[in-house]
Structure formats: structure tokens, C-alpha cells
Amino acid sequence: MQSLIPKIESQLSSLPVPITLQLPDGRRVAKPGSRVTLAFTEWSVLAKLAAKQVGAIGEAYVEGRVQIEGAMRDLIDATVGMLPGNPAETNTGWWSRLQRRAKSHGAHSLRKDAAQIEFHYDVSDDFYALWLDPRRVYSCAYFREPGLTLAQAQEAKLDHICRKLMLQPGDRYLDVGSGWGGLLLWAAEHYGVDATGITLSKNQHAHVQRLIEEKGLQGRVRVELLDYRKLDEARPFDKISSVGMLEHVGSANMPTYFGKLHALLKPGGLVLNHGITSGQLDYRQLGAGMGDFIEKYIFPGGELLHVTHLLRDTAAAGLEMVDTESLRPHYARTLWAWSDALESKLDQAREVLQRAGGRQGANAERILRAYRLYLAGSAMSFEQGWISLHQMLSTRPDGKAQGRTLRGSQSVYPFVRDYIYK
């Protein structure tokens, strides 16, 4: 193991942020001006660092075999320098793609999807409330102006979606994967729609039910604990949104997912998908062990697809894409805002998780460490372009060639963007 030290010293010399390593035998490998210290208790973990397996280092930190001192932003800047180029792994061979598809089929049954959503979203409402905005919007914000706060940017995002969907009073509106109800309630309160949301999270469902009652919106807003595949198609909706769902659906289920959206949407209506996408065409997962870390500690069953694959499945389902927008750097800024908020409340977050009891209480420190790395590491991934975020607006053409605003439009979409910004 002593042979690792010269190699590691060489790696450290080129990092953009100087860091110090404390070795298992107590010795220190330091650079002048270090702002980050990694303290190792096992030589085997140090070997992972030499191999640039940063995901394994993250796992060792979560499990208590590595200690980190210093700011998350400094750690992440150093991590970028440790990686061997673009870590986005791809599937270029037919066998790899076949294996991935088989895994996707097995990972997204009704039962498994419910369990995977519970694993992530039912950690603790109070924990999420510490670092999300007051509406608990757990998706990419929209910094329409540079000086917006996170809360303002989240409201700008909610309104951006509502404007794109051309929501009108009385519209029957569906939000698939409605989270803590931010978009659902915004649409009802600001656009007068008749709103239905669905979620698989019991915590989120209970939270939104309380908000509906507190705001006196019974009869006009409802939320159901329901899988999208179980939604009744008898009364199609005028407008549909789906925010943060794409990454949970699974590549094998995309035809089913988009087919369901088509069946739930009235002819001429609009549907908007807002979700994380990959930065590579034949993306498998983030390499250097980072994808394995996310699968194990954060999003079991999560899968990312390139936007072109999603648009192909959109078209195959009979939906017409009319507007696609990338918000990638907006998500990097959102994640840094979440990360900074959590970092400022670490002791409080630890206490909240411990009070939650069950899996959360027993694993409070592990959960907290995992989320610290997940939020900051995800911000890095969006900044570097390894993963992205797209809003995709589509219509279900009604077949009426005479059109509405323009001949041949076949939907309520006006085929100009001005309406979004007025």
C-alpha cells in the first residue's frame, strides 16, 4: 500500500482545490493552503482514491470509513479534478443495451416503483423542509432573473409551466407525480383549474391533503395515492403536467408511460414533461462509481435517457412535440441552493432524522451524509453537462386541419412563443 502514496501525491498536485489526506497510520499528505481534509481509516479505501473511484469514496464516507472536513463546494471542485474526463458511461454494444433493458423491466413493476418512491421521498417531510423552499418544490427552479431567491425562482418555474400549458379557468388539469403539491396548488389558485394530482409517496399525499383543506380547495383540487398506470381514462384531461417523473419511469416502460399520457389527454390538449435527461446519447450511468452510489443510497431504480430518446417515444405514442427547452444550468444553481441550505443546518437535520424513527432514525447519520454528497455532486454533474434537464411540451393532435389560431395547428397550441412571456 505504500506504493500508493507517490501516485496519490501526484494526483493531488494537479487538483484545482488543494486538499489534505490523513492516512490510516496517522500520517498526513498535505498541500499548502488546503481547505479540505479526507481522513481514511482503511488502506483499501485509499486504493479506491488512487483508482479515481470517487463513488466508492462517497460510499466509504456514508459508511463512516472516511471523514470529510471542509466546505462541500470546495470538495466538489476538487472532485472534478480527480475524475478521468467525462464520466458518463455509455451503452454502445447490443448486449449491454439488452442487459439494461432487462434490468429496467424488472425494476419497474407496480410494487417495486412504490417501494422505490417510498425509499426516497418518505425519508422525512421535516428533513426536506429544512432545505427546500417553503412550497417544497423538489425540482429544477427557473431563475428568470439573476437576482431571484430560490423561493422566487421556484414560483417562476411553476408559472412558466402553467403559461406553457395555457391553463384556463375550468380546465381539467392533471399533475402526474405531484410531490408536495406546489404546482398542483399554484395552478388551482392562480389559474382557476380543476386540478387532480397523483403520487406514490404516502408522506406527500398526506401533506397535500392537509393543504387542500387548509386552503379551502376541496371539490376543486384532489390528490390520489395512485400509480399513473392505474389512472382512469374515461374522462380525459384538457392539460397534463409531469414534473420529475421521467427519471423514475424506466426506459422499458417509456412506451407505456407516453401511451398513458396520450390516452389521458383530450384531442387538442397539451402535456408538459419536465425531467432529468442524460448528457450522452447512449447513456448507461455516471461512471467512476457515481452511478452506483446514486442507485444504492438515493434513487434505486432511477434511469436517465437522452432527450432524443424521450422525444422518439413521445412521437411513437401519437403526441406531437411543439416546444423543448433545456434548463440545465438552472438545475445546477437549484441544487447548490439546496446544498448550501442543508450545509447550514447539519445539526438540525441530524436531529430531525433521528426523531423520525424507523429506518430514518436508525440510519440518520448515513442518510445525512448521503444527501450531502448527492446534492453537491448532482450540482457538479449539471454544471459539467453530464446530465441535463428538459421541458418538453407536446399536443395530442385533434385531426382538424382547419386549425384554431393557425390552419393546421390541430391543437390549442398557437405555434408562437409570445404567449408564454406576456
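What counts as what
- Residues numbered from 1 in each chain as written.
- Predicted model: local features only at pLDDT ≥ 70, side-chain atom pairs only at ≥ 80, totals over all residues.
- Heavy atoms only, no water.
- Pairing = 2+ DSSP bridges.
- Helix = DSSP H or I, 4+ residues; strand = E, 2+ residues; numbered from the N terminus.
- Axes fitted to C-alpha atoms, helices over the stretch in contact; angles between N-to-C directions.
- Contact = heavy atoms within 4.5 Å.
- Expected span 1.5 Å × (residues − 1).
- Buried < 20%, exposed > 50% of the residue type's maximum accessible area, 1.4 Å probe, protein only.
- Core = buried A, V, L, I, M, F, W, Y, C linked by side-chain atoms within 4.5 Å.
- Parallel < 35°, antiparallel > 145°, perpendicular 65-115°, else oblique.
- Left-handed = near helix turned anticlockwise from the far one by under 90°.
- Phe/Tyr/Trp six-rings, centres within 6.5 Å; stacked < 30°, edge-to-face > 60°.

**Observations regarding the sheet that holds strand S12 (residues 320-326)**
The strand order across the open sheet formed by seven strands is S8-S7-S6-S9-S10-S13-S12, and the pairing between neighbours is mixed. Of all strands in the sheet, those bounded by a partner on one side alone are strand S8 (221-225) and S12. Each strand axis lies, on average, 15° off the axis of its neighbour in the sheet, ignoring direction. Along the sheet, helix H10 (residues 202-214) contacts strand S7 (194-199) and S8; its crossing angle with S8, the most-contacted strand, is approximately 160°.

**Some thoughts on the environment of Met-166**
With respect to the helices, strands and loops of the structure, Met-166 is situated in the loop between helix H8 (150-164) and strand S6 (172-176). In this view, Met-166 contacts Asp-171, Lys-239, Leu-270, Val-412, Tyr-413, Pro-414 and Tyr-419; residues no more than four positions away in its chain are not counted.

**Comments concerning H8**
With 15 residues, H8 extends 21 Å from end C-alpha to end C-alpha; this agrees with the ideal 21 Å at 1.5 Å per step. In terms of burial, H8 is largely enclosed, as eleven of its 15 residues are buried. Within H8, burial applies to Leu-150, Ala-153, Gln-154, Ala-156, Lys-157, Leu-158, Asp-159, His-160, Ile-161, Cys-162 and Lys-164. Phi for Met-166, located one or two positions after H8, is positive at around 55°.

**Some thoughts on the nonpolar core**
Note that soluble globular proteins tend to have their nonpolar side chains buried in a common cluster. Formed by 73 residues in total, the largest nonpolar core has its most connected members in Leu-21, Phe-127, Trp-131 and Tyr-371. Of the residues forming this core, the biggest block, eleven residues, is contributed by helix H18 (residues 364-384). Within the second largest apolar cluster, 30 residues are counted, among which are Leu-165, Val-221, Val-243 and Leu-393.

**Quick look at the packing of helix H15 (residues 328-343) against H18**
Here H15 crosses H18 at 155°, and the two axes come no closer than 8 Å. In terms of orientation, H15 and H18 fall into the roughly antiparallel class. Like other packed secondary-structure pairs, H15 and H18 cross with a definite hand, here left-handed. Contact residues: H15 offers Arg-328, Tyr-331, Ala-332, Leu-335, Trp-336, Trp-338, Ser-339, Leu-342 and Glu-343, while H18 offers Leu-368, Tyr-371, Arg-372, Leu-375, Ala-376, Ser-378, Ala-379, Phe-382 and Glu-383.

**Thoughts on the packing of aromatic side chains**
This structure, assessed with the given rule, holds 19 aromatic pairs. Taking the centre distance of 5.9 Å and the plane angle of 65° together, the rings of Trp-131 and Trp-338 count as edge-to-face. With a gap of 207 residues between them, Trp-131 in helix H7 (residues 125-131) and Trp-338 in helix H15 connect regions that are remote in the sequence. Each member of the pair, Trp-131 as well as Trp-338, carries the same accessibility label: buried. Through a chain of ring-to-ring contacts, three or more aromatic side chains come together here, namely Phe-127, Tyr-128, Trp-131, Tyr-138, Trp-180, Tyr-331, Trp-338, Tyr-371, Tyr-374 and Phe-382.

Nothing here speaks to function; it is all geometry.
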